[in-house]
Each structure stands twice: as C-alpha cells, then as structure tokens.
Amino acid sequence: GGVKLGSHAWKDVETLIRAGLVSDVVLDTLARVAPDGDEANAEGAQVAIFDAIAQTIELAHRPEDRPTFWVAAHLRKTEGIPTLNDVSGSTQRAGQADVVLLMAANSSDRKVKSVTCAFGKVREKDPDDWPMPVEYVVKKSGIVVVDAPEADTRPLKEQIATRLELGVPLTKGALKRKLNRS
C-alpha cells in the first residue's frame, strides 16, 4: 500500500527494471499506486498512471527484459462467469490493459472451492477469438484444472441464433453468461 508512483519504493522498482532483474510487477490496485492526492478514477489521472507505467516498462535496456505489469481490479460479488461489467470502480481502468483476466471465487459452505478465470478482454478485438473460461483449484502440488469447456468454434452470431432457435427463453443477461461475452 505504500508504493506510490514516484515514491522511494517505486524508484527501487525502476532501478531493478533497469538492471533487468524484474520479470513481473503486480499492482493491487491502480488507486493504491496513484500519487497522494490524485483521484485514480478520473480519466486524466488514469491516463497519467498508465503513461507512468509504460515509461517504467521502457526503462529495461533490452526488449526481452521488459517486465509484464499485472494490475488488479476488484470484482463485485457475482454469480457465474464474471464480465467487465462486474469490475468495481472504473471499468475504464481495467479496459486500458491489453489483457483482462477476470477471476471469480467459487464457494461452498463459505469456503473457496475453486476459481473461474474468464477473459474479459484480449488484444484481439473479436470476442470469437477469446479463450473460453477455465475453472481451477490451487493445491500444494500445483494448479489443477477442474473445468475447461470445449470451445464452440462457430461465429458468435451463429451460437446466439442456435440458442434462440431452441426456444429457450433467455434474457440478454442470461445469454451473456451462457456465452461468456459482454
């Protein structure tokens, strides 16, 4: 919580990146790294924060040494597969990233049993090209995939038409959840 853009700790991160010693940086959340007094939800502040992150990435001397920045944004409590609409705060904040992974805990008896990872956004503009959600469990032995559904390779319009032809009454929200699309 004490690592703000431009702070002493941030300068240490920059030094490590310049030295090629950092592969990944996790920011939990953008609001916490915003300089004191900045409103992280304001569009201008978000642009400035992402610009500062981009400049920090560019400090690596070689392209292969550039770190990946992971920005955590919290989700509202949701049932089923999460979408970008479930991001708490500013969706714009998460939307500026190249890839957005949405993680939702699957609970039973008030204990997390597994996690569903859905792809809220990837660089490819066409949602038909996005990976399907994956449900997994983290164990001492490693990550165990619980459910990785077969991808329906038909175009999204065809998938929707098939569901509508079946006569199953679906709301827009239900259709969105079934197809994992915003």
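Residues numbered from 1 in each chain as written. Predicted model: local features only at pLDDT ≥ 70, side-chain atom pairs only at ≥ 80, totals over all residues. Heavy atoms only, no water.

Draft legend 1. Up close: the pairing of strand 6 (residues 142-147). Where strand 5 (residues 134-139) and strand 6 come together, five bridges link them in antiparallel fashion. In the sheet register, V137 faces strand 6, and the bridge partner there is V144. (Pairing = 2+ DSSP bridges. Helix = DSSP H or I, 4+ residues; strand = E, 2+ residues; numbered from the N terminus.)

Draft legend 2. Structural view of helix 3 (residues 43-57). For helix 3, spanning 15 residues, the distance from its first C-alpha to its last is 21 Å, which sits close to the expected 21 Å at 1.5 Å a residue. Listed in full, the buried residues belonging to helix 3 are A45, Q46, I49, F50, I53, T56 and I57. Here the buried residues of helix 3 occupy an arc of 130 degrees about the axis, which is enough to place them on one side. Exposed residues on helix 3 whose side chains face more than 90 degrees from its buried face are E43 and G44. (Expected span 1.5 Å × (residues − 1). Buried < 20%, exposed > 50% of the residue type's maximum accessible area, 1.4 Å probe, protein only. Arc of directions from axis to C-beta.)

Draft legend 3. The arrangement of the packing of aromatic side chains in detail. The tally for this structure, following the rule as stated, stands at one aromatic pair. An angle of 45 degrees between the planes, with centres 6.3 Å apart, marks the rings of W10 and F69 as tilted. One end of the pair, W10, is in helix 1 (residues 8-18); the other, F69, is in strand 2 (residues 68-72), and 59 residues separate them in sequence. The same class applies to W10 and to F69, which are both buried. (Phe/Tyr/Trp six-rings, centres within 6.5 Å; stacked < 30°, edge-to-face > 60°.)

Draft legend 4. Local environment of the layout of surface pockets. Considered as a void within the structure, the second largest pocket measures approximately 330 Å³ in volume. What lines the second largest pocket is L75, R76, K77, T78, E79, G80, M103, A104, A105, N106 and S107. For the lining of the second largest pocket, the residue count by class is four nonpolar, four polar and three charged. (1 Å grid on protein atoms, 1.4 Å probe; cavity = no way out; pocket = protein on both sides within 12 Å on 5 of 7 lines; lining within 4 Å. Points joined across faces, edges and corners; volume = space filled by probe spheres on them. Nonpolar A, V, L, I, M, F, W, Y, C, P; charged D, E, K, R; others polar.)

Draft legend 5. Quick peek at a nonpolar patch on the surface. Residues V26, W70, V99, L101 and M103 make up a contiguous nonpolar surface patch of roughly 460 Å² in combined accessible area. Counting through the fold element by element, M103 comes out in strand 3 (residues 100-108). On the accessibility criterion, M103 (38% relative accessible area) is partly exposed. (Patch = residues over 30% accessible without salt bridge, like charges linked within 9 Å, V, L, I, M, F, W, Y side chains within 5 Å. Areas by Shrake-Rupley, 256 points an atom, 1.4 Å probe, with all protein chains shown as cover. Salt bridge = Lys/Arg side-chain N within 4 Å of Asp/Glu carboxyl O.)

Draft legend 6. Layout of the environment of Q159. Of note, Q159 is situated in helix 5 (residues 156-165). Since its relative accessible area comes to 9%, Q159 is described here as buried. When the C-alpha positions of Q159 and L179 are compared, they lie 8.1 Å apart, and in sequence the two are 20 residues distant. In this structure the side chain of Q159 is engaged in a polar contact, spanning 2.8 Å, whose partner is the backbone oxygen of R154. (Polar contact = N/O pair within 3.5 Å; in protein donor to acceptor, adjacent residues only side chain to side chain.)

Draft legend 7. Spatial organisation of the pattern of salt bridges. Taken as a whole and assessed by the stated rule, the structure comprises three salt bridges. Among the ionic pairs, E58 bridges to R66, the shortest N-O distance being 3.2 Å. One salt-bridge network, in which partners are shared between bridges, spans R62, E64 and D65.

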